[in-house]
Amino acid sequence: METKIFKREQLDEAVSLLRKGELVAFPTETVYGLGALATRDDSVKKVYAAKGRPSDNPLIVTVADEAMMRPYAKEVPERAEKLIKHFWPGPLTILLLSKEGALPESATGGLPTVAFRCPDDQLTHDLIAKLGYPIVGPSANTSTKPSPTTAQHVYHDLKGKIAGIVDGGETEVGLESTIVDLSVNPAVVLRPGKITPEEISQVLGEEVLINRGQVSDKDVPKAPGMKYRHYAPSAQVYVVDQAETFAKLDLDVSCGVMATSDLLENLPVPEENKFNLGKNLTEADHNLFAGLRYFDDRPEIKSIYVEGFDQGEESLAYMNRLNKAAGGHHV
């Protein structure tokens, strides 16, 4: 299969492919998503095949606006409306009870809930609005690999496996959306992202919990990123918890280092073995997946040491992704 790259003026061609049941990747403010008609079981199943994704890992349903979401939700409670008004379009995914039979089990993982997201990206808004139906939108990468933040990342992983990619340039945030479960009370953040539990709590005017549990092998996760290995390059990743630890590491040419610019400056490794995460946590959020992909394309790199952050709720999303990439390995 030829994988075509579409610009804005070719959006109608991308819409036509989606209508035919084909897969088209699309940009968002967080990472690139892999789109298929959410209402067609055969299309959704193609997503699992293209990504090599376990079939019990539910998908996010991506909509153009709240009105498009409503036919697929059993109900939209007041607290969902509050969050939608405040954060949509934006990097927040809301888990609600689904309307029975409205979506195929392949989209929901057979669960009574479904996750909805309305991205803050005009290209994708126009794509879904023209289509007239919601699309599933997991990250457009090979399963377990770092999520894609450019169209080129998508092409690298899924060339020949999907029909097209809508190129919206580099993503802004760089980490996937926050997922909040509103099917339970109190609400629970299932996956941290740019929008923090504190921000959600302030809008709702009530306590919001943070899920810290593990999903067992026999259980179906309620949201993406809760059960399976994620975000990992081929080399072993290590989280470096203290900045001063970098100077004590026995680094050689087989080691890659990802850290903020001040830390990188004096480390005794070749420049090509360094990846600059930026000046601060915000820039590190944006650059984390790109750095993991940079070293994943270099088979001579056997170990990757990545700077960790301890900045409360602000660093939850970064550390969540980095810990999964490292498989819990810290130095």
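All figures in this text were calculated on a predicted structure; none of them were measured in a lab.

A. Quick peek at the packing of helix 4 (residues 78-87) against helix 8 (residues 197-204). Running from N to C, helix 4 and helix 8 point in directions that differ by 115 degrees, and their axes come no closer than 9 Å. Relative to helix 8, the crossing made by helix 4 is right-handed. Here helix 4 contributes Arg79, Lys82, Leu83, His86 and Phe87 to the contact with helix 8, which in turn contributes Glu199, Ile200, Val203 and Leu204. Residues that form the contact of helix 4 with helix 8 fall into these classes: five nonpolar, one polar and three charged.

B. Seen up close, the packing of aromatic side chains. With the rule as written, the count across this model stands at four aromatic pairs. Between Tyr294 and Phe295, the aromatic rings sit 4.9 Å apart at their centres with planes inclined by 70 degrees, giving edge-to-face as the arrangement. Ring geometry for Phe309 versus Tyr318: centroids 5.0 Å apart, planes at 90 degrees, classification edge-to-face. Look at Phe309 and you get buried, because its relative accessible area is 11%. Chaining the aromatic ring pairs together yields one cluster made of Phe275, Tyr294 and Phe295.

C. Structural view of the nonpolar core. One finds Phe116 and Ile200 to be the most contacted residues of the largest nonpolar core, which totals 63 residues. When residues in this core are grouped by element, the largest group, five residues, is from helix 1 (residues 11-19). When near neighbours in sequence (up to four residues on either side) are disregarded, Phe116 contacts Val61, Val63, Met69, Tyr72, Ala73, Trp88, Leu92, Thr93, Ile94 and Leu96. Ranked by size, the runner-up nonpolar core spans 26 residues in total, among them Ala235, Phe275, Ile301 and Ala326.

D. Representation of helix 11 (residues 316-326) within the structure. Most of helix 11 sits out of view: eight of its 11 residues are buried. Among all positions in helix 11, only Leu316, Ala317, Tyr318, Met319, Arg321, Leu322, Ala325 and Ala326 are buried. Looking at the residues trailing helix 11, positive phi occurs at Gly327, about 60 degrees.

E. Highlighting the packing of helix 1 against helix 6 (residues 122-131). Look at helix 1 against helix 6: their axes get within 9 Å of each other, and the N-to-C directions meet at 50 degrees. Judged by the angle between their axes, helix 1 and helix 6 are oblique. At the point where helix 1 passes helix 6, the crossing takes the right-handed sense. In this structure, helix 1 uses Leu11, Asp12, Ala14, Val15, Leu18 and Arg19 to contact helix 6, whose residues at the interface are Leu123, Asp126, Leu127, Lys130 and Leu131. Taken together, the residues of the contact of helix 1 with helix 6 sort by class into seven nonpolar, no polar and four charged.

F. The arrangement of the pattern of salt bridges in detail. Per the stated rule, a full pass over the model turns up 16 salt bridges. Across the pair Asp126 and Arg8 runs a salt bridge, and its minimum N-O distance is 3.1 Å. Residue Asp126 is found in helix 6, and its partner Arg8 is found in the loop between strand 1 (4-6) and helix 1; the two are separated by 118 residues along the sequence. In this structure Arg8 comes out as partly exposed when scored by relative accessible area, which is 42%. Between Glu300 and Arg298 there is a salt bridge, with its nearest N and O atoms 2.9 Å apart. Overall, Arg298 belongs to the buried group, its relative accessible area being 15%. Residues joined by salt bridges that share partners form a network here, namely Glu66, Arg70 and Glu81.

G. Spotlight on the sheet that holds strand 12 (residues 236-240). Strand order in the open sheet made by the four strands is 12-15-13-14, with parallel pairing throughout. The open sheet has two edge strands with one neighbour each: strand 12 and strand 14 (274-276). Across the sheet, the mean angle separating the axes of adjacent strands is 20 degrees when strand polarity is ignored. Pairing analysis gives five bridges linking strand 12 to strand 15 (residues 303-307), with the strands arranged parallel. If you follow Tyr238 over to strand 15, its bridge partner there is Tyr305. The strands that helix 11 touches are strand 12 and strand 15; relative to strand 12, the one it contacts most, it runs at about 140 degrees.

H. Looking closely at the pairing of strand 5 (residues 92-97). Of all six residues making up strand 5, five are buried, and the element is well covered by its neighbours. Two strands pair when backbone bridges link them, and strand 5 and strand 6 (residues 113-117) are joined in this way by five bridges, in the antiparallel orientation. Bridge pairing links Leu96 to Val114 in strand 6.

What counts and how
Residues numbered from 1 in each chain as written. Predicted model: local features only at pLDDT ≥ 70, side-chain atom pairs only at ≥ 80, totals over all residues. Heavy atoms only, no water. Axes fitted to C-alpha atoms, helices over the stretch in contact; angles between N-to-C directions. Helix = DSSP H or I, 4+ residues; strand = E, 2+ residues; numbered from the N terminus. Left-handed = near helix turned anticlockwise from the far one by under 90°. Contact = heavy atoms within 4.5 Å. Nonpolar A, V, L, I, M, F, W, Y, C, P; charged D, E, K, R; others polar. Phe/Tyr/Trp six-rings, centres within 6.5 Å; stacked < 30°, edge-to-face > 60°. Buried < 20%, exposed > 50% of the residue type's maximum accessible area, 1.4 Å probe, protein only. Core = buried A, V, L, I, M, F, W, Y, C linked by side-chain atoms within 4.5 Å. Parallel < 35°, antiparallel > 145°, perpendicular 65-115°, else oblique. Salt bridge = Lys/Arg side-chain N within 4 Å of Asp/Glu carboxyl O. Pairing = 2+ DSSP bridges.

Function cannot be inferred from these measures alone, as they are strictly geometric.
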